[in-house]
Amino acid sequence: MIRALYSLLCFILLVGCASSKNIAPESLTFQQQLALHCGKSFAGKTIFPADGTDPFAGKALVMHVQTCNDTETRIPFTVGEDRSRTWVLTRLPEGLQLKHDHRHEDGTPDEVTMYGGISTQAPDALQQRFPADAYTAELLPAAATNEWTMAISPDGKTFSYILKRDGKMRYQADFDLTAPL
């Protein structure tokens, strides 16, 4: 009897201590997928528009996956020397929320900050779409039809940040998850 209880306890501990890397990717939430990269930074590049007209085109893009817990994931996003942006993903009862936190060099909030939306789709480990919320529409009327998508490729090699406006592609940056900086 004691031996059976001991064996059961060891089994429970082994299962409970299993690394998240041993868990099937489809059983993880989007935030858990990102948390697999917590503490790492990744280089990216502007994919769209391909003609180099976007202000981010040709600049070094880096995402830093930080603050990974059950409710919040913070991803500072640098563009060249500009470190003013952080993507903030927060688990809310209504779904996963994306906010764009913009700060001045001294840490004070920019006038245009905390815009974004709440994902309206079912939980998906590889992709979340965030239509602009009412706050965003009020703050930035031109962005009222924005939809941001964050996606991890099925092979786990690429993270994409995509912006559509009026249903049309406006911006896309891809980050190489296979080569942490």
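Check the entry above for the structure.
Here the residue index of a chain counts from 1 through its sequence in written order. A pLDDT threshold of at least 70 governs which residues receive local features in this predicted model, and a stricter bar of 80 or more applies before side-chain atom pairs are shown or counted, although totals over entire chains, interfaces and linings include all residues. The basis for every side-chain value is the complete set of non-hydrogen atoms in the structure, without hydrogens or water.

Chemist: An account of the pairing of strand β5 (residues 82–92) is needed here, citing residue identities and associated values.
Modeler: Should DSSP find at least two bridges between two strands, the strands are regarded as paired. For the purposes of this entry, the term helix denotes a DSSP run of H or I that reaches at least four residues, the term strand denotes a run of E that reaches at least two, and both are numbered from the N terminus. In this structure, strand β4 (residues 72–79) lies alongside β5, joined through seven bridges in antiparallel fashion. Bridge assignment links Glu72 to a residue of β5, and that residue is Thr90. Here β4 folds back onto β5 in antiparallel fashion, the turn holding two residues, of which Gly80 has a positive phi close to 60°. The pairing of β5 with strand β6 (residues 95–102) spans eight bridges and is antiparallel.

Chemist: Go over the environment of Thr46, please, and point to the residues and values.
Modeler: Checked against the element boundaries, Thr46 lands in strand β1 (residues 41–48). To sort residues, take the accessible area from a 1.4 Å probe on protein chains only and compare it with the maximum for the residue type: under 20% means buried, over 50% means exposed, and anything in between is partly exposed. By relative accessible area, which is 18% here, Thr46 ends up buried. Distance in space between the C-alpha atoms of Thr46 and Tyr171 is 7.7 Å, their sequence separation being 125 residues. Should any heavy atoms of two residues lie within 4.5 Å, those residues are counted as being in contact. With residues up to four places along the chain from it excluded, the contact list for Thr46 reads Phe56, Ala57, Leu61, Tyr171, Gln172 and Ala173. Identification of polar contacts relies on pairs of N or O atoms within 3.5 Å, with a donor-acceptor requirement for protein atoms, meaning one able to donate a hydrogen and the other able to accept it, and with residues adjacent in sequence counted only if both atoms are side-chain atoms. Among the polar contacts listed, one links the side chain of Thr46 to the side chain of Tyr171, at a separation of 2.9 Å.

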